[in-house]
Amino acid sequence: MTYDIAIIGTGPAGLEAAITATIRKKNIILIGSKNSSVKVEKAHTVLNYLGLPEIPGSEMAKRFLDHAASMGVSITEDQITAVYSMGSSFVLQGAKNSYEASSVILATGVVNGKPYPGEEKYLGRGVSYCATCDGAFYKGKTVAAIGGSPKEEDEAKFLCDYASKVLYFPLYKDEVSQGGYEVVREMPQEILGEMKVTGLKTNAGVHTVDGVFILREAIAPGQLVPGLETVGPHVKVNIDMSTSLPGLFAAGDIAGLPYQYIKSAGQGNIAALSAVNYLTQQALKK
C-alpha cells in the first residue's frame with residue numbers, strides 16, 4: 001500500500017499533522033510511540049498553551065492522544081531508520097516493516113548532541129541505528145550497542161540472538177535488566193575503523209568490535225534522509241514547512257528553535273496542509 005502521507009513522530013507536531021490530514025480525508029500512516037512525546041509527558045507544568053492554562057505535561061499528552069484517537073487516528077509503533085526519495089514517492093525503512101508514501105512529514109524532534117567521531121564515516125560500514133534491521137549481518141561477531149534509554153535494552157537483547165558477544169553501553173544511570181549482553185559502564189567517545197568499523201573508543205580504553213549500534217529515540221535528519229538539506233541539528237524549511245526534497249515536509253523541534261509545544265502543533269498543521277496541496281498539484285500533473 002502507498003499512503004498519501006506518512007507522518008513520523010507522535011509529539012504535538014506529528015499528532016496535529018495527522019489530525020489535519022485526516023480531516024482533509026487523506027490516507028495516512030502515523031509512525032512513532034503510542035505514548036506520544038516523552039518531552040511533553042515529563043513537563044511539570046505548561047503555562048503558555050492557548051486554551052490549556054497551567055496544564056501538567058502528562059495531562060497535555062493524554063489530551064493530545066485522546067483528540068487524535070477521537071478523529072480515528074491510529075499510531076503504528078515502529079522506529080524509522082531511513083527515508084529514501086524515489087522520485088514520485090518515498091520509501092521508509094522501519095525496524096519492523098517498510099512503508100511507502102507519496103509524501104512525508106518529519107516530526108521526530110531534535111537529536112541532542114553531536115554525532116560520535118566516526119559515526120557518519122562508518123554509517124552502513126559497521127555503524128547502524130537499528131538492531132532488528134541489521135542484527136543478522138553480525139552472526140557470530142562482536143558488537144557494541146549504545147543505549148540512550150532503558151527501552152533500548154530490547155534492541156540489545158535482540159542482537160544477542162545473532163552476535164557471539166554484545167557489549168551494552170547504557171548512557172543512563174538506571175539499573176539495566178539482564179539480557180545476555182555484557183553491560184559496560186563506560187562513555188563512548190569515538191568509533192574506530194579502516195574500511196569498516198574495527199573498534200569503539202571509550203573514556204576507559206578501546207573495545208575491539210565488528211559493529212556499533214547507536215540506539216536513540218531519534219536519528220539526526222541528515223542521516224535519516226539522504227540528501228536532505230540541514231542546518232546543524234535541524235532541517236532547513238520554508239514558511240510552508242517544505243524542505244529541500246519535494247514532497248518532504250518537517251515540523252516541530254526538528255524544524256528549529258524555539259522549542260515550544262504550541263509552535264510545534266502549529267507547524268504540524270501547516271505541514272499537513274502543505275502536503276495536501278503538494279498531493280493535489282501532483283495529481284494535476286498526471
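All figures in this text were calculated on a predicted structure; none of them were measured in a lab.

**Digging into helix α1 (residues 12-23)**
The first and last C-alpha atoms of α1 sit 17 Å apart over 12 residues, in line with the 16 Å expected at 1.5 Å per residue. Where burial is concerned, most of α1 is hidden: nine out of the 12 residues are buried. Buried residues along α1 sit in contact with β1 (2-8), β2 (28-31), α2 (38-41), α3 (57-70), β6 (98-106) and α7 (261-285).

**Remarks on the environment of L52**
Following the sequence through the fold, L52 ends up in the loop between α2 and α3. Classification of L52 as buried rests on a relative accessible area of 15%.

**Observations regarding the sheet that holds strand β13 (residues 205-208)**
In space, the three strands of this open sheet follow the order β11-β12-β13, with antiparallel pairing throughout. Each of the sheet's edge strands pairs with one partner strand only, and the pair in question is β11 (188-193) and β13. With strand direction ignored, the average angle separating the axes of adjacent strands in the sheet is 25°. Sheet topology places β11 next to strand β12 (residues 197-202); five bridges connect them, and they run antiparallel. Bridge assignment links G193 to a residue of β12, and that residue is V197.

**Let's talk about the sheet that holds strand β9 (residues 165-170)**
With respect to topology, five strands assemble into an open sheet ordered β7-β14-β8-β9-β10, the strand pairing being parallel. Either end of the sheet is taken by a strand with one partner, and the two such strands are β7 (127-128) and β10 (182-183). In this sheet, β10 lies alongside β9 in parallel orientation, the contact comprising two bridges. Residue pairing in the sheet places L167 in a bridge with E182 of β10.

**Re the nonpolar core**
The biggest cluster of nonpolar side chains holds 37 residues, and the ones touching the most others in it are V83, L92, V104, L106, I191 and V212. Sort the elements by how many residues they give to this core and β6 lands first, with four residues. Ignoring anything within four residues of it in the chain, the contact list for L92 reads A6, I8, I31, I80, A82, V83, N97, S98, Y99 and V104. Core analysis: the next-biggest nonpolar cluster, separate from the first, contains 36 residues, A21, V40, A272 and A275 among them.

**Some words on the packing of aromatic side chains**
On inspection of all chains with the given rule, the structure shows five aromatic pairs. Seen in terms of ring centroids, F158 and Y162 are 5.5 Å apart; in terms of plane orientation they differ by 50°. Their pairing is tilted. With a centroid separation of 5.1 Å and an interplanar angle of 40°, the aromatic rings of Y168 and Y181 are classed as tilted. Placement of Y168 in strand β9 and of Y181 in the loop between β9 and β10 is noted, with a sequence separation of 13 residues between them.

**Some remarks on the pairing of β9**
Where burial is concerned, most of β9 is hidden: five out of the six residues are buried. Tracing the backbone out of strand β8 (residues 142-147), into helix α5 (residues 153-159) and back to the parallel element β9 gives a crossover that is right-handed.

**Topic: the packing of α1 against α7**
At a minimum axis distance of 7 Å, the contact between α1 and α7 shows a crossing angle of 35°. In this structure, α1 crosses over α7, and the sense of that crossing is right-handed. Contacts from P12, A13, E16, A17, T20 and A21 of α1 reach α7 at Y261, S264, A265, G268, N269, A272 and L273. Residue classes in the contact of α1 with α7 are distributed as eight nonpolar, four polar and one charged.

**Considering the state of the cysteines**
For the structure shown, the criterion picks out zero disulfides. Left without a disulfide partner, C160 is nearest to the cysteine sulfur of C130, which lies 15 Å away.

Cut-offs applied
- Every chain begins its residue count from 1, and numbering advances along the sequence as written.
- Where local features are concerned, this predicted model is filtered to residues with pLDDT of at least 70; where side-chain atom pairs are given and counted, the filter is 80 or more; whole-chain, interface and lining totals use all residues.
- Excluding hydrogens and water, the side-chain figures rest on all heavy atoms present in the structure.
- Helix and strand definitions here come from DSSP, where helices need a minimum of 4 consecutive H or I residues and strands a minimum of 2 consecutive E residues; each element is numbered from the N-terminal end.
- The span you would expect from a helix comes to 1.5 Å times its residue count less one.
- Relative accessible area decides the class of each residue, using a 1.4 Å probe on protein chains only: under 20% of the type maximum gives buried, over 50% gives exposed, and in between gives partly exposed.
- Residue contacts are defined here by distance: any two heavy atoms, one from each residue, within 4.5 Å place the two residues in contact.
- A pair of strands is treated as paired once DSSP finds two or more bridges between them.
- Axes here mean lines fitted to C-alpha atoms, for a helix over just the part in contact, with angles spanning 0 to 180 degrees between N-to-C directions.
- For this analysis, a nonpolar core means a set of buried residues of the types Ala, Val, Leu, Ile, Met, Phe, Trp, Tyr and Cys, connected via side-chain atoms within 4.5 Å.
- Each Phe, Tyr or Trp ring, with Trp reduced to its six-membered ring, pairs with another whose centre is within 6.5 Å; inter-plane angles below 30 degrees give stacked pairs, above 60 give edge-to-face pairs, and intermediate values give tilted ones.
- With the strands aimed away from the viewer, a crossover counts as right-handed if its path from the first strand over the helix to the second runs clockwise.
- The handedness criterion is simple: a crossing whose near helix is rotated anticlockwise from the far helix by less than a right angle is left-handed, and one whose near helix is rotated clockwise is right-handed.
- Put simply, Ala, Val, Leu, Ile, Met, Phe, Trp, Tyr, Cys and Pro go in the nonpolar bin, Asp, Glu, Lys and Arg in the charged bin, and everything else, Gly too, in the polar bin.
- Cysteine sulfur atoms are paired as a disulfide whenever they fall within 2.5 Å.

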